[in-house]
Amino acid sequence: MKYFNIREEELKNSVASDFFEGFDCDKIVGFIDFAVKVKRKSSNLSSLEDLTGFNDEYLLWAEAKAAPTDIVAMLTQLVLTIGKARTFDKMMPPPFLGCFDCEKIAFVPYSEIQHIFYQNDFNWKITPSNTETKEFQQVYEQISKILNNDTPWETYIFDFERDAQDLKRFIRENFIVGKSDVSKIKIDKNNFIIIYNKWLQTVKPTIVVDWDAAKRNGIIDGDFYLADLLSQENKTLKEKLFILLKSNYYEANRRIDESGMFASSQVYFSDKQKAHTLFWNKYERPPREEYWDYIVERRDLLVPQDVRERKGSFFTPQIWVELSQRYLADVLGEDWQDEYYVWDCAAGTGNLLAGLTNKYNIWASTLDKQDVDVMHDRIENGANLLHDHVFQFDFLNDDFSKLPQGLQNIINDPEKRKKLVVYINPPYAEAGTGLGRGFKTKVALEHATHDYNKKIGNASNELFAQFFARIKDKIPYSVLAEFSTLKILQAPNFSKFREFFCAEFLKGFVVPAKTFDNVKGEFPIGFMIWNLSEKKLFEKEELAVFDSKGKAIGTKTFHAYSEENAYINDWLRKFHDKKDYPIGILHNNKNDFQHNGQVRITTDDIKDHTTPITVNNLIAMCIYFSVRKVILATWLNDRDQFLYPVKKWEKDLEFQNDCLAYALFNNNIQSKYGVNHWIPFSEQEVNARDKFESHVLLSFLNGKVVPNGYATLFEQLEKKEYVKREFSPAATAVFDAGRELWKYYHGIAGQARNDRGLYNVNASLYDIREHFQERNDKGKMNNTSTDAQYTKLIGTLRDKLSILAKKIEPKVYEYEFLKA
């Protein structure tokens, strides 16, 4: 072992001197352990430029560990460190990220990692070195996937002793310095997005354009950026771009006018191009030609979010493209590409068609002229498509007479149409994307497809449903192979759509939605193949399930739900009790898993989706709560609906009591909002130091509470017909674990009451957690406690609750709260 038994700082110094001689390894970049940058001579850079590090050209950022450590774990900590500080926003990222310990060093191209920094709904505030957080595990899995999918990965890992010469050669050949006083920053696929974000702030404001009007005509600021980026001496080199830079102005809207003459519009700068010149003086343009196609194809990354949602400018991940084509071969036969025609009518830049072999049978259309230009340019550079089979077409509005004649011939011939596969990942705009009710109405009415609104009902609020409705109507008897959310299968408000669509499901799979570009949320996206020649109302089907790495993990049956179905909230209404005294509040919301996080039992009433809990409906409320909570919400069951159960539950006292026990030790009751009626023990059982204000729950458990009437709610009766509730061993174990926790609280907190006044004899489970876990400076309860005994006791309680939840789970399906 080359660097045995030395400290981390000594290790970093040794690696720098042994392998990175000639580079500057002295500068500390935030909390990154090790950074390598180009040594440059003194210059006339401003102090501000020096402080920001904007003109420093780093070649490597790396994590270092003195002891032998897992490569993926080290890279994960590095990524979390960079992401937490957003170092990539403050200086140009290097070509490589890396990590090393006393034995080895590893490198990974930054371009392979950078998408991790732009994922949605990710908490970057966690401690990077804490390997127990879900964020660490998530990034660890993402990096593992990258390394496992990268075939030549082993060539980037070097043993310090065995591979010393190879390592030096790798650094020499890949850490290209160029001039020692680097004045221009190179642009490549690693950093063109970062530079675009800086360009937005510096150059875009000086371009004299009505951006709202431009966006309505399909022109985005990214088109001007591409014109700048792919230029030399301020002249765009790729003529096929939608916008061209012509020295001191942009050329746009290039066309042949009515007189047959070439015409275009000129767009100038408001500051005589000063900001443009100063900005691009820092960069070396154009990038190397090998990056051009990649940058142009990823124009989607430069599209504003609202436009992306309306027009579907999202890449289908290549892993799902390949899998979908395997499914098509399974359904249509090995020779399907020769026997069938393919039309992607929402093609974007055509990545869904990658891998198809028979270009004479492939057609691609898209709404944006820019995307057509990109595909034509890709064809000239080897893409397996025909120039005349790629065309601009507004599928939701244009008449089919505008289609190329060859495609019209296929659609108009009933026999050929049966051999047409409409292969599509359509846009998904809808009100739920945050664009509001006004946009929802606009989606439903702004297209020619609004004629379908009465036929497909509320589904008309979603663009993908409009696509499918027009395909069904205008291209009947074809095959539809599509990516979409599972609303088409499951959503209650899609029942009218399913009646209209009424096609035979052939085969499909589901994957996590977050594997798609900029898709938020934990829910499934499916690929489904439909035979439009057969009429069959969808009721339920089994689809294969794949994880984010493309590994098959089983199957799942998906059921169709209707607005006519009876749901769990309909069942809940049977038990509304507005007469008796409320002892708690049940917060309920919509009937599916995605709203389970809003289901809780509290003392405070927010007057929205709430039901008062009384002694009369306590069992039903606890069943509702437990049924919603014992099965964890995942991306796969996210849209599953909870239903009105069959009556068999009414005679299952053990099930009722199991649910009661689960809810008693899994609620958010807080005594500060009123009397705590949810103490399931007597004072003697938990060694309380004073009398409880309420014994309602204990009396209920012992069968001594009158089941109706406010006047007698708090009375304990001696009538023997009230039978004490009997609990299963699993539920009893929960009570036992809870009792020990309560006893510990009354012992520890009771002893401290005279010193700090923190003892609350009426403490609820939530109050006890708050006491031991305390709150942070933002007022949020901490996730852990410094009290080891409390941590052990609460852990035991949670373990017993998990066992009880597993016991209740089969009953959820048996009594048809959920469909199996």
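What counts as what
- Residues numbered from 1 in each chain as written.
- Predicted model: local features only at pLDDT ≥ 70, side-chain atom pairs only at ≥ 80, totals over all residues.
- Heavy atoms only, no water.
- Helix = DSSP H or I, 4+ residues; strand = E, 2+ residues; numbered from the N terminus.
- Buried < 20%, exposed > 50% of the residue type's maximum accessible area, 1.4 Å probe, protein only.
- Contact = heavy atoms within 4.5 Å.
- Areas by Shrake-Rupley, 256 points an atom, 1.4 Å probe, with all protein chains shown as cover.
- Axes fitted to C-alpha atoms, helices over the stretch in contact; angles between N-to-C directions.
- Left-handed = near helix turned anticlockwise from the far one by under 90°.
- Nonpolar A, V, L, I, M, F, W, Y, C, P; charged D, E, K, R; others polar.
- Salt bridge = Lys/Arg side-chain N within 4 Å of Asp/Glu carboxyl O.
- Phe/Tyr/Trp six-rings, centres within 6.5 Å; stacked < 30°, edge-to-face > 60°.
- Lys NZ or Arg CZ within 6 Å of the ring centre and 35° of its normal.
- Pairing = 2+ DSSP bridges.
- Patch = residues over 30% accessible without salt bridge, like charges linked within 9 Å, V, L, I, M, F, W, Y side chains within 5 Å.
- Lys, Arg positive; Asp, Glu negative; His and termini not counted.
- Charge placed at Lys NZ, Arg CZ, Asp CG, Glu CD.
- Polar contact = N/O pair within 3.5 Å; in protein donor to acceptor, adjacent residues only side chain to side chain.
- Expected span 1.5 Å × (residues − 1).

Teacher, can you tell me more about the overall build of the protein here?
In terms of regular secondary structure, the protein is built from 31 helices and 24 strands. With 820 residues in all, the protein has 55% of them scored as buried. Long-range contacts, defined here as pairs at least 24 residues apart, represent 68% of the contacts in the protein between residues at least 6 apart. On the protein, roughly 38,200 Å² of surface is accessible, and the fraction owed to carbon and sulfur atoms is 47%.

Explanation requested: the environment of Tyr110 in the structure shown.
Position of Tyr110 among the secondary structure elements: in helix H5 (residues 110-113). When the C-alpha positions of Tyr110 and Lys189 are compared, they lie 9.3 Å apart, and in sequence the two are 79 residues distant.

I'm lost on the packing of helix H30 (residues 765-773) against helix H31 (residues 788-814) in this one. Help?
What describes two packed helices is the angle between their axes and the distance between those same axes. Between H30 and H31, the least distance of the axes is 11 Å, while the angle of their chain directions is 145°. At the point where H30 passes H31, the crossing takes the left-handed sense. Along its contact with H30, which presents Leu765, Ile768, Arg769, Phe772 and Gln773, the element H31 presents Tyr790, Ile794, Leu797 and Arg798. Of the residues contributing to the contact of H30 with H31, the split by class is six nonpolar, one polar and two charged.

For this particular structure, what's the right way to read the pattern of salt bridges?
A side chain with one charge may pair with a side chain of the opposite charge, provided their charged atoms come close. For the coordinates displayed, the defined rule picks out 26 salt bridges. Close ionic contact of Lys743 with Glu740 constitutes a salt bridge, the shortest N to O distance being 3.7 Å. Here the residue Lys743 and the residue Glu740 both occupy positions in helix H29 (residues 729-756), the gap between them amounting to three residues, near one helical turn. When its relative accessible area of 38% is taken as the criterion, Glu740 is described as partly exposed. When salt bridges with common partners are traced through the structure, they connect Lys648, Asp652, Lys811 and Glu814 into a single cluster.

Sorry if this is basic, but what is going on with unusual backbone geometry here?
With the exception of glycine, most residues fall at negative phi, and the peptide bonds are largely trans. Cis geometry marks the peptide bond from Arg285 to Pro286; its omega dihedral reads -10°. As for its placement among the helices and strands, Pro286 is situated in the loop between strand S12 (283-284) and helix H12 (292-297). The phi angle at Gln273 is positive, at roughly 75°, despite the residue not being glycine. With respect to the helices and strands, the residue Gln273 is situated in the loop between strand S11 (262-267) and helix H11 (274-280). Positive phi outside glycine occurs at Asn687, with the angle close to 60°.

Help me understand the environment of Leu506, please; the structure alone is not making it clear to me.
If you trace the backbone, Leu506 turns up in strand S18 (residues 504-512). Leu506 has contacts with Val331, Ile529, Trp530 and Asn531, leaving out every residue within four places of it along the chain.

Before we go on, may I ask you to explain the packing of aromatic side chains in this structure?
Working definition: an aromatic ring pair is given by the centre-to-centre distance plus the angle between the planes. Going through the model one piece at a time under the given rule, you end up with 75 aromatic pairs. With a centroid separation of 4.9 Å and an interplanar angle of 35°, the aromatic rings of Phe107 and Phe170 are classed as tilted. Highlighted residues: Phe107 in strand S4 (residues 104-109) and Phe170 in helix H7 (residues 164-174), separated in sequence by 63 residues. Residue class for Phe170 comes out buried when judged on its relative accessible area of 9%. Taking the centre distance of 6.0 Å and the plane angle of 25° together, the rings of Tyr745 and Tyr759 count as stacked. In this pair, Tyr745 is assigned in helix H29 and Tyr759 in the loop between H29 and H30, connecting sequence segments 14 residues apart. Over the aromatic face of Tyr327 sits the side chain of Lys507, whose NZ or CZ is 4.7 Å from the ring centroid. The ring of Phe558 is capped by Lys556, whose NZ or CZ atom sits 5.3 Å from the centre of that ring.

Could you clarify how one ought to interpret the sheet that holds S4 in this entry?
To summarise the sheet geometry, strands pair through backbone hydrogen bonds and adopt either a parallel or an antiparallel arrangement. What the five strands build is an open sheet, ordered S1-S2-S3-S4-S5; its pairing is mixed. Each of the sheet's edge strands pairs with one partner strand only, and the pair in question is strand S1 (34-37) and strand S5 (157-159). Between one strand axis and the next, the sheet turns through 20° on average, direction left out of account. Pairing between S1 and strand S2 (residues 58-64): four bridges, direction antiparallel. By the bridge assignment, Val36 is partnered in S2 with Leu60. Packed on one face of the sheet, H7 meets strand S3 (96-100), S4 and S5 and runs near 140° to S5.

How should I be thinking about the sheet that holds strand S21 (residues 552-559) in this particular structure?
Spatial ordering of the open sheet is given by S15-S14-S13-S16-S17-S19-S18-S20-S21, a layout of nine strands whose pairing is mixed. At either margin of the open sheet sits one strand with a lone partner, and together these are strand S15 (390-392) and S21. Averaged over all neighbouring strand pairs, the angle between strand axes comes to 20°, with direction disregarded. In terms of strand pairing, S18 meets strand S20 (residues 540-546) through two bridges, oriented parallel. Paired with Val510 across the strands is Val545, a residue of S20. Its contacts with the sheet put helix H14 (residues 318-332) on strand S16 (420-424), strand S17 (479-485), S18, strand S19 (524-531) and S20, and the angle it makes with S18 is roughly 160°.

Would you mind showing me how to read the pairing of S3 here?
Every regular strand shows the same layout, with side chains that alternate between the two sheet faces. Taking burial as the measure, the five residues of S3 include five buried ones, the bulk of the element. Side chains Phe96, Gly98 and Phe100 of S3 all project onto a buried face; the interleaved residues Leu97 and Cys99 project onto the opposite face, where all are buried too. Note that S2 and S3 share five bridges and pair parallel. By the bridge assignment, Trp61 is partnered in S3 with Leu97. Across five bridges, the pairing between S3 and S4 is antiparallel. Bridge assignment links Gly98 to a residue of S4, and that residue is Phe107.

Even after reading the chapter, I still don't get the pairing of S4, so can you show me in this structure?
Here S4 lies mainly inside the structure; six of its six residues are buried. Burial of S4 is two-sided: the residues Lys104, Ala106 and Val108 facing one way and the residues Ile105, Phe107 and Pro109 facing the other way are all buried. Here three bridges tie S4 to S5, and the two strands are oriented antiparallel to one another. Paired with Ile105 across the strands is Phe158, a residue of S5.

I keep staring at a negative patch on the surface and nothing clicks. Help me out?
A surface patch of negative charge is lined by Glu334, Asp335, Asp338 and Glu339. Tracing the backbone through its elements, the reader meets Glu339 in helix H15 (residues 336-339). On the accessibility criterion, Glu339 (42% relative accessible area) is partly exposed.

Would you mind showing me how to read the side chain of Glu683 here?
Tracing the backbone through its elements, the reader meets Glu683 in helix H27 (residues 683-686). Buried and unpaired, Glu683 has Lys691 as its nearest opposite-charge partner, separated by 6.3 Å. There is a polar contact of 2.8 Å between the side chain of Glu683 and the backbone nitrogen of Phe692. A distance of 2.7 Å separates a polar atom in the side chain of Glu683 from a polar atom in the side chain of His695. Setting aside residues up to four positions removed in sequence, Glu683 forms contacts with Ala688, Asp690, Lys691, Phe692 and His695.

Hey, could you run me through H14 in this one?
Residues three or four positions apart in an α-helix share a direction because the helix packs 3.6 residues into each turn. For H14, with 15 residues, the first-to-last C-alpha span of 21 Å sits near the 21 Å given by 1.5 Å per residue. Within the span of H14, buried status applies to Trp320, Val321, Leu323, Ser324, Gln325, Tyr327, Leu328 and Leu332. Tucked into the core, H14 has its buried residues touching H15, S16, S17, S18, S19 and S20. In the stretch just after H14, Gly333 is the one whose phi turns positive, near 105°.

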